[in-house]
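Residue strings, one per chain:
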Amino acid sequence: MSLHKNSLLIHGGIDGDEKTGAVNVPVYQTSTFKQDGLGKDRGWEYSRTGNPTRAALEKLVAELEQGKYGLAFASGLAAIDTVLSLFGRGDKLIISDNIYGGTFRILEQVFTRFGIEYVIVDSSDTSQIVDALDDTVKAIYIETPANPLLTVTDIEAVAEIAKRENKLLIVDNTFLTPYLQRPLTLGADIVIHSGTKYLGGHSDTVSGFVVVKDEELAQRLYFLQNSIGGVLAPWDSFLMIRGIKTLGVRMDRHVANAQKIAGWLTQSGFVSKVYYPGLESDAGYEVQKKQADGPGAMISFVLDQKYDYRTFFKKLKIITLAESLGGVESLVCHPATMTHAAIPAEIRHKVGIADELIRLSVGIEDADDLIEDLKQAIEASKK
Ligand SMILES: *Cc1c(COP(=O)(O)O)cnc(C)c1O
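Predicted model only: the values in this text are computed from it and were never measured.

1. Brief notes about the sheet that holds strand β10 (residues 320-321)
Reasoning step 1: Spatially, the 5 strands line up as an open sheet ordered β8-β9-β12-β11-β10, and their pairing is mixed. Strand pairing shows two members of the sheet lacking a second neighbour, β8 (271-275) and β10, which therefore form its edges.
Reasoning step 2: Here strand β9 (residues 298-303) pairs with strand β12 (residues 357-361) via 5 bridges, running antiparallel. Paired with Val302 across the two strands is Leu357, which belongs to β12.

Structure representation (structure tokens):
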């Protein structure tokens, strides 16, 4: 029976435990597995290579993304590390100009040491991707909506270029999750997630994922996952399965709240700019509508000059100043000094990450309380 996405969240992957009837996949908290004779295992050897709890989660995430092969990692960056390890000396990646700060950091400060090169483009303008192509380019790496300006890139259009030029298209789908966007169905080759965010959803577990359709690519990635070893632990795999069950109801509320807050901010008179692809006035609105089932729940904005952003952060009462996003609680951050501090100021300013920019991860509290909190904090920050 082919399931719709809300049912898949609950019954996808491996549903419960065959042996005992437990409705949840057990936590196989073991590092190794008994072999019945030389060369005779029962499908499991050692938990870095494979663990039944992790495997259930990997299968679930692969199904949600409508891919074939899923791999779970100890963090989003462990997933990114493994994907970047597909490349070698002299290979070049085209990356979007507002990718996650940590992705930029591992590329710039770790992988360039091994001779991997990159070129930065505004991927929302596909002509910039075409211009950056050459024989050394092996992959195009995008996030959409991207961090922190919520810039939308047309996945299908980029996939067409990637296919034609025989490059891999890698999409970090953390901000929308497969509940709202499935890049593999739009032509991407590799999907990456920080499961720490919406997939887990409760700000209690760090994890990462890679999903692909192609078997040969999957084999190379499994080899790297096992060789590098940044795998997700059994208990954390269990927590991720548990979190994913409520992804649909959470995302629906996240998006409804974000839509309401973005609308309120726009007409509040408090801000000079709101970035949210769910607003008709947003540059990414049309593409976002075409390729995803919703605009997500990340909003960035710049306070009007009358207000001091440092004071604003101090005056918030229920919205918490913290790194991360995608949890049930609303979080706010200051990209210039927090998530994107690893990006040199010069590049940051060039791509429009102003020092005054505020990023809001809208939680699933009552939207009216969130608006009330924003309002009182902004009013109290009047210069
Ligand atoms: C958080 C994040 C990452 C890194 O994931 P970790 O789980 O923190 O290692 C990568 N990409 C995006 C878009 C993120 O938000």
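Moving on from the model shown.
2. Observations concerning the nonpolar core
Reasoning step 1: Grouped together as the largest cluster of nonpolar side chains are 66 residues, with contacts concentrated most on Leu57, Ile261, Ile299, Phe301, Leu303 and Phe312.
Reasoning step 2: Broken down by element, this core gets its largest block of residues, 8 residues, from helix α10 (residues 247-268).
Reasoning step 3: Residues within four places of Leu57 in sequence aside, it is in contact with Ala72, Phe209, Leu232, Ser237, Met240, Ile241 and Ile244.
Reasoning step 4: Ranked by size, the runner-up nonpolar core spans 31 residues in total, among them Val83, Phe87, Tyr141 and Leu224.

3. Description of the packing of helix α3 (residues 76-84) against helix α8 (residues 215-228)
Reasoning step 1: As a packed pair, α3 and α8 sit with axes 9 Å apart at the nearest point and diverge in direction by 120°. It follows from the interaxial angle that α3 and α8 lie oblique. Between α3 and α8 the crossing geometry is right-handed. In this structure, α3 uses Asp81, Thr82 and Val83 to contact α8, whose residues at the interface are Leu221, Leu224, Gln225 and Ile228.
Reasoning step 2: Tallied by class, the residues present in the contact of α3 with α8 amount to 4 nonpolar, 2 polar and 1 charged.

4. What to know about the site of the ligand
Reasoning step 1: Surrounding the ligand, one finds 14 residues, the nearest of these being Gly76, Asp172, Ser194, Thr196 and Lys197.
Reasoning step 2: One of the backbone nitrogen or oxygen atoms of Gly76 is found 2.8 Å away from an oxygen atom of the ligand.
Reasoning step 3: Contacts to the ligand include Asp172, whose side-chain N or O atom sits 2.7 Å from a nitrogen atom.
Reasoning step 4: Coverage of the ligand by the protein amounts to 92% of the 380 Å² it exposes when considered alone.
Reasoning step 5: Top element by residues in the shell around the ligand is α3. It accounts for 3 residues.

Reading the values: the criteria
- Residues numbered from 1 in each chain as written.
- Predicted model: local features only at pLDDT ≥ 70, side-chain atom pairs only at ≥ 80, totals over all residues.
- Heavy atoms only, no water.
- Pairing = 2+ DSSP bridges.
- Helix = DSSP H or I, 4+ residues; strand = E, 2+ residues; numbered from the N terminus.
- Core = buried A, V, L, I, M, F, W, Y, C linked by side-chain atoms within 4.5 Å.
- Buried < 20%, exposed > 50% of the residue type's maximum accessible area, 1.4 Å probe, protein only.
- Contact = heavy atoms within 4.5 Å.
- Axes fitted to C-alpha atoms, helices over the stretch in contact; angles between N-to-C directions.
- Parallel < 35°, antiparallel > 145°, perpendicular 65-115°, else oblique.
- Left-handed = near helix turned anticlockwise from the far one by under 90°.
- Nonpolar A, V, L, I, M, F, W, Y, C, P; charged D, E, K, R; others polar.
- Near = heavy atom within 4 Å.
- Polar contact = N/O pair within 3.5 Å; in protein donor to acceptor, adjacent residues only side chain to side chain.
- Areas by Shrake-Rupley, 256 points an atom, 1.4 Å probe, with all protein chains shown as cover.

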